Every structure is written in C-alpha cells, then in structure tokens.
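An overview of the molecular structure
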Amino acid sequence: MNDMTPTKLKPNDFATDQEVRWCPGCGDYAILKGVQRTMAEMGARPENTVFISGIGCSSRFPYYMETYGFHTIHGRAPALATGVKLANPDLDVWIITGDGDGLSIGGNHMLHLLRRNLDCQVLLFNNEIYGLTKGQYSPTSRIGTRSPSTPYGSVDAPAEPCTFALGAGARFLARCIDTAQKQMPDILKRAHAHQGASFVELYQNCIVYNDDVFEPFTNKKDSANTQIWLTHGEPMLFAKGEKGLKLNRDDLHLEIVDVVDGDWEAAGVLAHDEKNRTLAQMLVEMRHPTMPVALGVIYCDPKPSFEQDVVTQNAKESAGKVVDLGALIRKGQTWEVNQKKLREQ
Amino acid sequence: MATRLKESPAAREREAVTVRFAGDSGDGMQLTGGQFTLSTALAGSDLATFPDFPAEIRAPQGTTFGVSAFQINFGSDAIETAGDAPDILVAMNPAGLKVNLEALKPGGLIIADAGEFGARNLKKAGYEANPLEDDSLKDYQLVAFDISALTLESVKEFGLGNKEALRSKNMWTLGLVLWMFDRDRQPIIDWLNTKFAKKPELALSNAAALNAGHAYGETAEMQQGLGRYHVGAAEVEPGLYRTVTGGESLSLGLVAGASLVDLPLFFGSYPITPASPLLHTLARLKEFGVTTFQAEDEIAAICAAIGASYAGQLGVTSSSGPGIALKGEAMGLAVMTELPLIIVNSQRGGPSTGLPTKTEQSDLYQALYGRNGDAPMPILATRSPVDCFEVAIEACRIATQYMTPVMILTDGYIANAAEPWAVPEMSDFTAHPVTHYEGETVSPYKRDEKLARVWIRPGTPGLMHRIGGIEKNYETGNIDYGADNHQKMTDTRQNKVLGVADSIPDQGFELGGPDDDMVVVGWGSTFGPIHQAVKKTRKAGRNVAHLHIRHIWPMPKNLGPLLKGFEKILVPEMNTGQLKTVLRDQFLVDAKPLNKVSGQPFKIAEIEAAIGGI
Ligand code: SF4
C-alpha cells in the first residue's frame with residue numbers, strides 16, 4: 001500500500017516521450033526498465049526524484065525518466081548532486097554514471113561523494129569500455145583489451161569498482177547484472193532505503209564495442225556455478241546449494257567448499273553478514289572463473305549522511321543568533337563622523 | 001616628562017603620510033599594520049593599505065624572500081592609493097630594510113631594530129657590512145635602536161621565555177609609531193584583551209610592550225631626533241564608519257545580495273590564494289542562510305554551486321585564475337542550462353601558479369573569452385575594497401533576473417587591502433525577490449521579456465523536466481541538434497546577456513567629462529592611482545577625464561559614443577593590455593595601453609607620466 005501517491009504510478013508513467021537512443025540490444029534498455037519498475041513499485045514521487053548524470057552512453061538516462069533530470073558534464077554528476085542535496089535534502093537523488101565517467105574522469109568526485117556519505121544512489125553502469133567515443137578501453141577494461149586506442153592490447157591494471165568504493169568509504173555496496181530483472185528492483189529498493197551513499201555496480205553489456213565481456217559469468221546456462229547471490233543472514237551458497245563459501249583461516253581468504261545434503265554448517269559455510277566490512281572486501285574481490293561473482297547487497301552499514309550533518313550543524317550554529325544584516329555590516333570597531341564638510345575634488 | 005614634551009619641537013603637520021612596516025613573515029607585520037590601520041581610522045584620517053606578503057607561509061627566517069610588509073597611506077585629504085613611496089620605513093630586520101629601501105622616499109625616515117642587525121642576519125639578507133653603521137644610508141634619516149632588547153626589558157616582569165617575549169616586538173614598535181602620530185592606545189589594548197581573552201598574561205605583556213614603545217618615543221626624540229607628526233582628520237561625509245577589506249566587503253555583499261533576491265546562499269569553494277578569505281568569512285555566517293561547502297577541487301566547487309542553483313538556491317563559487325581555468329567547462333554548463341550562478345575571481349599574477357600573493361588584472365580575457373563555444377556571461381569588476389559590497393549585490397541581481405552565471409573580477413590587492421567604509425543602510429538597496437515558477441506545465445525554456453527562462457525547482461509537482469549541457473530545442477527544451485535551432489539558441493543566449501545593458505546605469509565620469517581632450521579608462525583596482533593621477537594632471541591644467549568601468553560585460557550602452565568623443569584614450573592596466581584590446585574591438589577607438597605586470601599596484605606618478613606622454 002502506498003500513502004504517498006494518490007494514484008499508484010505504473011512503470012510506464014516514469015517513461016518520457018523521448019525516443020530512447022541507445023544501440024538496439026544495449027544493456028542500458030534493461031536497466032532503464034528495471035529502474036522504472038522499481039520507481040513504480042516503491043511508489044516514488046516523480047516530482048521529488050532527480051536523476052543526475054555525467055557524460056557517456058549511460059548518462060543519457062535522465063532524458064528517459066519522467067522525473068527531474070540533469071545531464072551534466074563528464075564525471076561531475078557527484079559534485080553537482082552534492083549541491084542539489086545540500087540545497088534541498090528532501091529530494092531523492094539518483095546518480096547515473098559509467099566506468100569512464102565515474103571512475104576515470106570523475107574518479108575524484110566519486111571518492112569524495114562516497115567518503116562524505118551523501119544520501120543518494122549511485123548506479124554505475126560498468127561495460128568495461130568507452131561506448132560513446134567509439135570503443136576505447138576504459139579504466140575497468142581487463143589487461144589485454146584490444147581497442148582503437150590499444151590495438152595491441154591494454155597493459156594497465158583495471159580498477160574494480162566495488163573495491164574502489166569500499167576503499168573510498170562507501171557504506172552500501174551492491175552488484176547486479178543488466179538482465180537480472182528479477183533481482184534488480186529489490187536491490188535498487190535496498191539502495192534507496194539506505195541512508196547515505198549507496199553504490200550499485202551494474203554489469204552492462206555493450207553490444208557494439210565490448211559484446212559478451214561478462215558472458216562467462218552472466219550466461220544463464222552456467223549462472224548457478226558462476227554467480228552467488230547474497231542475502232543478509234543467509235548462508236553463502238551457490239551451485240543450487242551444493243557449494244558454499246568458507247573462510248580459510250590460515251591465510252584469510254574465502255574458499256569454495258562442497259555442501260553435502262544441505263548441511264552448510266557442517267561444511268563450515270559462512271552466513272552473509274552485510275555489516276562486515278572485511279567480508280565485503282573479500283567478496284568483491286572474488287573473480288571469475290576461480291570464484292563465483294558476488295551479487296546482491298554486499299555491504300550495508302549506515303551512518304548519518306553528509307547533508308544531514310550539514311543541516312544539523314547549520315541549525316545548531318544559527319540557533320539563537322540574531323539575523324540582522326544591518327547589524328552584521330556594522331560589526332567590528334566603528335566610528336561616527338558627525339559634521340559634513342565637503343571634500344575638495 | 002611633561003615639561004620636556006613641551007620643550008620638544010612642535011609636531012610636523014602633514015597632509016598625508018605613508019608608512020611601511022617590514023619584517024620577517026614571523027614578525028607579525030600584518031597584525032601591526034592592521035592595528036595601525038584601525039588606529040588611523042579611529043583618528044579620522046582617510047586611508048588605504050597595501051599588505052604585501054610572501055607566498056611561503058614560513059619562509060626561512062631573516063631571508064629577503066621571507067619579508068612581509070604592510071603599507072598604509074593616510075591623510076586629511078581623500079586617500080585612494082596605498083601611496084607611491086613611503087615616508088617612513090619601519091625595518092624589523094636587515095632583510096626588511098634591504099627589500100624595501102628602494103621604495104622609500106629620498107630623505108625618508110628609517111626606524112630599524114638594531115638588535116636584529118647581527119652578523120648572521122646581515123649575511124642572510126646579503127649585506128657585507130652593517131648598513132646602520134657604514135655610510136650607505138646617509139641620504140635618509142636613520143633612527144636605530146635595539147628594539148629586541150627594549151622589548152625583552154619591557155615584558156621582563158611577566159617571566160615569559162625569550163622567544164615568547166620577543167613576539168611582542170611588533171607591539172613595542174606599534175607603540176612607538178602610535179607615539180609618533182599621537183594616537184590613542186586604548187583601542188589597541190581593547191583589541192589585545194579580546195584577542196588574548198583566554199591568555200590574559202599575554203594581553204598584559206603585549207600591552208606592556210605597547211606602552212613601553214610609546215614611552216620610548218620621548219627618549220628617542222631626545223637622543224636621536226625622532227619627530228612627531230600630525231595628520232588631520234579627513235573631511236568626509238557624515239555617517240557610521242568601519243574599516244573593511246575587500247574579502248570582508250565581498251562576503252557581506254554576497255550575503256546582502258542573496259537576501260535582497262530572497263534566496264539562501266550556497267557557497268562552494270576550494271582553498272586558493274588569494275580567494276580563501278571569502279570562504280572563511282562566509283563559513284561563519286550560517287544564521288544568514290549561508291551554506292558553505294569546501295569541495296574536493298575547483299570543478300566540484302562550481303558544480304556543487306550549480307547543483308544548489310538548480311535546486312533553487314543562489315549558487316556562488318570563488319577562486320583565483322588557475323582555479324577559474326578549471327571551472328571553465330562547468331561555467332559553460334551554467335550558460336547552457338541558464339541557471340543563476342556567481343563566480344568570483346580574485347585575480348593574482350599569472351600564468352599558471354604565477355605570483356600567488358601578488359596582484360594582477362590579467363584574467364579579463366579569461367573572463368570574457370575563456371570558455372568553449374559562444375558562452376557569453378555578464379562580468380563585473382570591483383574597484384576597491386568598499387566597492388565589492390555593491391558589486392556583489394549587483395551580481396546577485398543580474399544572475400537571478402537574467403538566469404545567467406555572472407563573473408565578478410576582483411584581485412589580490414583588493415581582497416587584502418582595507419579602507420574606511422561609510423556603512424550603508426540596507427533599506428537604500430532595492431530588493432528583487434525571486435519567485436520560482438510553479439503552476440501550469442511549461443517548457444523549461446519558456447522565457448520572459450528579458451529572455452530569462454523560467455526557474456523551476458525540482459520538487460515542484462507537475463513540472464518535471466530535464467536539462468543538460470546538450471543543445472536544447474528553443475520551444476520544447478528537448479535535445480535538438482538542428483542547425484536552425486542551434487543558431488537561434490546561440491543568438492538567444494547572446495542577446496539575453498547583451499540585454500543586461502538595459503538594466504545598468506550609463507557610464508559616468510569619475511573626473512572631468514566629455515569636453516576634455518583625453519580620457520583615462522580604467523577597471524578594477526587601478527581606480528586609486530588613476531583617480532589621483534588624473535586629479536593632479538587636471539590641477540596642472542590638462543583637460544583629462546577619468547572613467548572607470550564596473551560593467552565589463554555587457555558594457556554600458558553609452559560607453560562607445562563617449563569614448564569616440566575623445567582625441568586620446570589611455571588605458572592603464574596591470575596586464576599586457578586586455579581592456580585596451582576589448583575597447584578597440586568593440587568601438588574601433590585608438591585606445592593606448594599603459595601596462596604594468598610587476599605584481600605591484602601602479603604608482604600615481606607612473607600614470608601621471610603616461611598621461612603627459614601622449
Ligand atoms: S555503444 Fe554500447 S553502451 Fe553505448 S549505447 Fe551502444 S551498446 Fe550501449
């Protein structure tokens with residue numbers, strides 16, 4: 001039930017009349033659908049919702065959402081969003097960014113948004129490539145990625161978005177796949193409910209420049225073995241419950257163990273604890289194919305958000321003070337000149 | 001003692017005096033200068049100051065590059081510059097003497113702390129022999145005594161450590177200078193009591209040093225012939241006065257300007273010399289609806305300000321040249337999305353890091369042309385510390401009435417310099433309260449007769465829309481790459497900004513008028529020296545006028561016709577001729593440049609000479 005909206009809005013009510021201009025088959029379509037569905041299911045108020053993006057394929061997103069939207073400049077959406085939230089903390093702010101926008105040109109702003117813990121949702125569409133500029137490798141591209149700018153393969157080590165976010169001080173981390181429509185709304189709702197900066201990495205297929213780069217772990221056929229969907233308090237199981245994650249206490253890493261007859265406790269499988277930062281660190285670093293890829297809400301440990309602290313401090317420091325401009329400009333040591341004598345020019 | 005004072009020669013009457021305090025950056029020269037300024041203001045003289053400090057926070061002691069100086073010019077006539085050449089140089093160490101001697105007037109007075117002129121300090125300042133003892137200063141009047149030892153003596157009873165005790169040297173020196181000008185010490189003692197409220201022993205010891213320096217005046221008068229001066233009160237308009245620096249005045253102007261347009265002020269900034277005082281001042285004014293945000297970088301600072309404006313507040317960002325360069329792309333976004341925004345540039349010597357603590361006016365091109373695309377923006381320039389207040393108010397009006405970013409050009413000299421301010425009545429200013437659009441569904445690019453678009457705050461039901469840096473359709477506000485549409489939008493943005501000229505006053509003259517043969521055109525902090533130079537030349541019988549431009553862009557509508565009426569146009573600037581080029585471009589007039597980029601303000605004499613030269 002929804003008390004906020006008089007008439008319940010449908011996913012389509014969150015779509016604008018603008019023609020969507022992503023390449024046919026782009027993963028962005030699925031994410032747009034997932035977000036519009038989430039908005040409807042949450043009973044979001046369009047007038048209170050602001051989508052803010054930078055530059056890149058994903059950053060066209062706001063034009064397709066029937067909410068307030070600001071398509072800003074490359075990498076700067078987090079900075080702009082900070083001003084929006086400080087000016088009006090009641091707005092519900094969603095930042096749409098990509099691997100290039102959010103981790104390359106805008107990496108600095110992302111770092112500071114996360115450490116400050118601005119209350120907003122960051123959806124980072126990771127396609128490991130620069131799409132809009134026609135296919136150069138990106139900061140998340142794996143070593144050896146061949147692209148127009150790296151014809152012989154890239155040689156620099158990629159950034160891992162969730163590891164970066166955790167290092168920056170993010171208190172909410174989640175991962176999802178563009179096509180995982182069943183799970184996406186719940187993950188986005190959790191991100192939305194979290195007070196503070198929620199960082200969501202979405203594996204997004206760029207069908208034109210980096211097709212199937214995630215396919216080894218996103219294909220439905222093998223997904224049971226290649227993906228592990230996490231739920232707080234539940235054992236970390238995958239492969240239809242036949243395998244689980246256990247902490248190897250000798251050298252502190254997660255390892256795969258077989259679970260016999262569903263007895264995960266006997267196998268030493270850990271239950272997921274989303275408040276455990278160390279566990280989150282280990283989960284985001286699991287790589288296919290040696291390990292399953294961790295998906296769902298990986299980490300959630302709320303703290304008061306930046307704009308709330310700013311508002312609180314502003315109110316505290318203003319309390320009881322006289323707001324008199326005339327008095328303000330007269331402050332300090334003053335003197336009176338009484339007699340008018342004309343100054344010679 | 002009293003009888004002796006009577007016997008002493010009468011205080012010399014002076015119309016104006018320039019004093020320069022110079023010492024190590026750790027010697028507290030800025031503080032001394034600041035307190036002497038206050039005392040001068042309270043004595044009723046008109047004044048102008050010039051703080052001149054090194055870029056290094058604590059440069060190695062005793063070196064020439066660690067010299068910090070503070071110059072004050074005060075008098076009974078109107079004072080508009082910090083003075084061409086000091087009459088009195090107070091040198092707290094050999095380096096201070098070395099760096100500042102050149103500026104001193106021939107025959108000027110040097111007061112030196114002989115106690116600091118030991119072999120080590122002399123060597124550090126690059127002196128082979130002690131200038132106080134050889135004949136090298138014979139063309140000046142030299143009064144030297146051991147201020148360090150006298151200070152230690154004066155605070156002995158407080159049992160401070162040597163280092164702590166010597167910190168009071170500046171107060172001792174200030175005491176002596178107060179004696180020279182017959183000033184009241186009480187306001188300084190009051191200030192010490194406030195400053196050291198938590199350490200009363202320091203308030204007492206500093207006051208003791210101040211009193212000792214003051215008392216020493218008579219001894220120095222007897223033994224070394226140190227004179228006293230009398231500078232009368234200036235004849236100024238009646239009213240309530242205070243001293244104000246450009247940094248303070250601009251901050252207050254922004255708060256007042258935001259209040260007059262009835263919006264909360266959002267200030268996003270990143271620390272940079274010499275712009276930081278704005279952030280520091282505004283951070284303490286939360287009760288006036290001010291939110292300050294120290295961003296992670298210059299770009300974030302302006303983007304956050306744009307975000308705040310988008311959300312309905314008045315976004316302001318501030319920096320100096322290098323930081324303004326970083327903000328360029330975001331300024332374009334504000335132009336494109338037609339959101340109000342104020343960008344303050346406290347100019348400094350450039351390019352690149354340049355001369356962070358020295359002044360220059362070399363960002364005029366950057367302000368006018370420093371963005372990609374045709375990205376016009378109104379530009380205002382402040383001429384003095386006091387002027388910053390009105391300019392800031394005007395910027396708030398233009399930004400909100402025309403839905404446009406506005407740039408304020410000020411500079412390092414204005415930011416740090418102080419002058420007396422006849423505090424205005426807030427009721428004298430016209431309010432232009434903003435109402436955000438609420439109502440029927442409209443295109444976000446619906447414009448009023450001034451071509452300003454509607455300002456719709458997110459949160460307003462029924463008016464959801466999308467804006468951004470991509471070109472938008474003139475009618476609908478949707479993305480539009482069309483040729484005709486881009487032409488129309490570019491023209492509209494241009495015409496909107498040009499239309500600001502309809503709302504600004506005609507260009508007037510500071511001195512002279514259209515009948516003179518020559519006009520000196522200035523902008524920004526060259527106001528003082530130009531005004532004085534023109535005044536002097538006029539007294540000498542030359543028909544020369546002074547015109548000072550506040551509205552750099554768009555320019556007042558009558559400016560072109562006015563300039564075209566003059567045979568000769570001189571444009572003094574602390575750059576290589578930027579306004580000169582703009583005037584030539586806009587009005588096809590033969591504007592002649594006078595340029596100086598030494599990091600120091602113009603001297604009156606330099607402008608006088610240039611006027612004589614053409
Ligand atoms: S280039 Fe790639 S990411 Fe961009 S719209 Fe096309 S498929 Fe999507």
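Residues numbered from 1 in each chain as written. Chains lettered and ligands numbered in written order. Predicted model: local features only at pLDDT ≥ 70, side-chain atom pairs only at ≥ 80, totals over all residues.

1. Looking at the overall build of chain A
Scanning chain A from terminus to terminus reveals twelve helices and twelve strands. When each of the 345 residues of chain A is scored for burial, the buried share is 48%. (Helix = DSSP H or I, 4+ residues; strand = E, 2+ residues; numbered from the N terminus. Buried ≥ 20, exposed ≤ 12 C-beta atoms within 10 Å, placed from the backbone.)

2. Considering the pairing of strand S7 (residues 141–145) of chain B
Residue and element names in this part refer to chain B. Pairing geometry for strand S6 (residues 109–113) and S7, over five bridges, is parallel. Bridged to Leu109 within S7 is Gln141. Of the crossover connections in this fold, the one passing from S6 over helix H4 (residues 119–125) to the parallel S7 is right-handed. (Pairing = 2+ DSSP bridges. Right-handed = clockwise from strand over helix to strand, strands pointing away.)

3. Considering the site of the ligand
The local shell around the ligand consists of A:Trp22, A:Cys23, A:Cys26, A:Asp28, A:Cys57, A:Asn127, A:Gly131, A:Cys206, A:Ile207, A:Val208 and A:Tyr209. In the shell around the ligand, the residues fall into eight nonpolar, two polar and one charged. (Near = placed C-beta within 6 Å. Nonpolar A, V, L, I, M, F, W, Y, C, P; charged D, E, K, R; others polar.)

4. A word on the interface of chain B and chain A
Between chain B and chain A, the residue contacts involve 59 residues of the former and 53 residues of the latter. Listing elements by their share of the side of chain B that touches chain A, those giving two or more residues are helix H2 (29–42), strand S9 (239–245), helix H10 (246–260), strand S10 (265–269), strand S11 (290–294), helix H12 (298–310), helix H14 (328–337) and strand S17 (466–468) of chain B. Here the side of chain B that touches chain A takes nine residues from H12(B), the largest share from any one element. Among the residues forming the side of chain B that touches chain A, the class breakdown is 35 nonpolar, 15 polar and nine charged. Pairing analysis gives four bridges linking strand S12 (residues 334–337) of chain A to S9(B), with the strands arranged antiparallel. Opposite A:Thr334, over in S9(B), you have B:Arg242 as the bridge partner. (Contact = placed C-beta atoms within 7 Å.)

5. Considerations on the sheet that holds strand S2 (residues 68–71) of chain A
One open sheet accounts for nine strands, arranged S7(A)-S11(A)-S5(A)-S6(A)-S4(A)-S3(A)-S1(A)-S2(A)-S17(B); its pairing is mixed. Both outer strands of the open sheet, strand S7 (227–230) of chain A together with S17 of chain B, are each paired with one neighbouring strand and no more. Pairwise comparison of adjacent strand axes, ignoring direction, gives a mean angle of 20 degrees for this sheet. (Axes fitted to C-alpha atoms, helices over the stretch in contact; angles between N-to-C directions.)

6. Description of the nonpolar core
If you look at the biggest cluster of nonpolar residues, it comprises 264 residues, and the most contacted ones within it are A:Leu173, A:Val200, A:Ile298 and B:Ile306. Setting aside chain neighbours within four positions, we find A:Val200 in contact with A:Gln121, A:Val122, A:Leu123, A:Leu124, A:Ala174, A:Cys176, A:Ile187, A:Leu188 and A:Ala191. Counting eight residues, the second largest nonpolar core, distinct from the first, contains A:Cys26, A:Cys57, A:Tyr130 and A:Cys206. (Core = buried A, V, L, I, M, F, W, Y, C linked by C-beta atoms within 7 Å.)

7. Regarding the UniProt feature "domain: Thiamine pyrophosphate enzyme TPP-binding" (unreviewed entry) in chain A
The UniProt entry lists residues 55–201 of chain A under the feature "domain: Thiamine pyrophosphate enzyme TPP-binding" (unreviewed entry), expressed in the numbering used here. As annotated, residues 55–201 of chain A comprises 31% helix and 20% strand, and the C-alpha atoms at either end are separated by 17 Å. (UniProt positions renumbered as here; feature names shortened; annotations may be inferred.)

8. Details of the confidence of the model for chain B
Close inspection of predicted coordinates is inappropriate in any region flagged by low pLDDT. Residue and element names in this part refer to chain B. Counting all residues, the mean pLDDT for chain B is 94, and 98% of those residues have values of 70 or more. Predicted confidence is poor over residues 1–8, with pLDDT under 50, and the contacts of this stretch with residues over four places away or in other chains come to four contacts. Note on the complex model: pTM 0.92, ipTM 0.96. (pLDDT = per-residue confidence, 0-100.)

9. A word on the environment of B:Lys450
Residue and element names in this part refer to chain B. Here Lys450 is to be found in the loop between strand S16 (418–422) and S17. What makes Lys450 partly exposed here is the crowd of 14 C-beta atoms within 10 Å. Note: C-alpha distance between Lys450 and Val521 (71 residues apart in sequence) is 30 Å. Leaving out residues up to four positions away in the same chain, Lys450 has contacts with Gln401, Tyr402, Lys496 and Gly499.

10. Brief notes about unusual backbone geometry
Backbone torsion omega between B:Gly350 and B:Pro351 reads 0 degrees, so that peptide bond is classified as cis. Mapped onto the secondary structure, B:Pro351 falls in the loop between strand S13 (341–347) and helix H15 (364–369). Geometrically, the link from B:Trp553 to B:Pro554 is a cis peptide bond, its omega value of -10 degrees lying close to zero. One can find B:Pro554 in the loop between strand S20 (551–553) and helix H20 (559–564). In this model, A:Asp212 sits at a positive phi of 65 degrees, which is unusual for a non-glycine residue.

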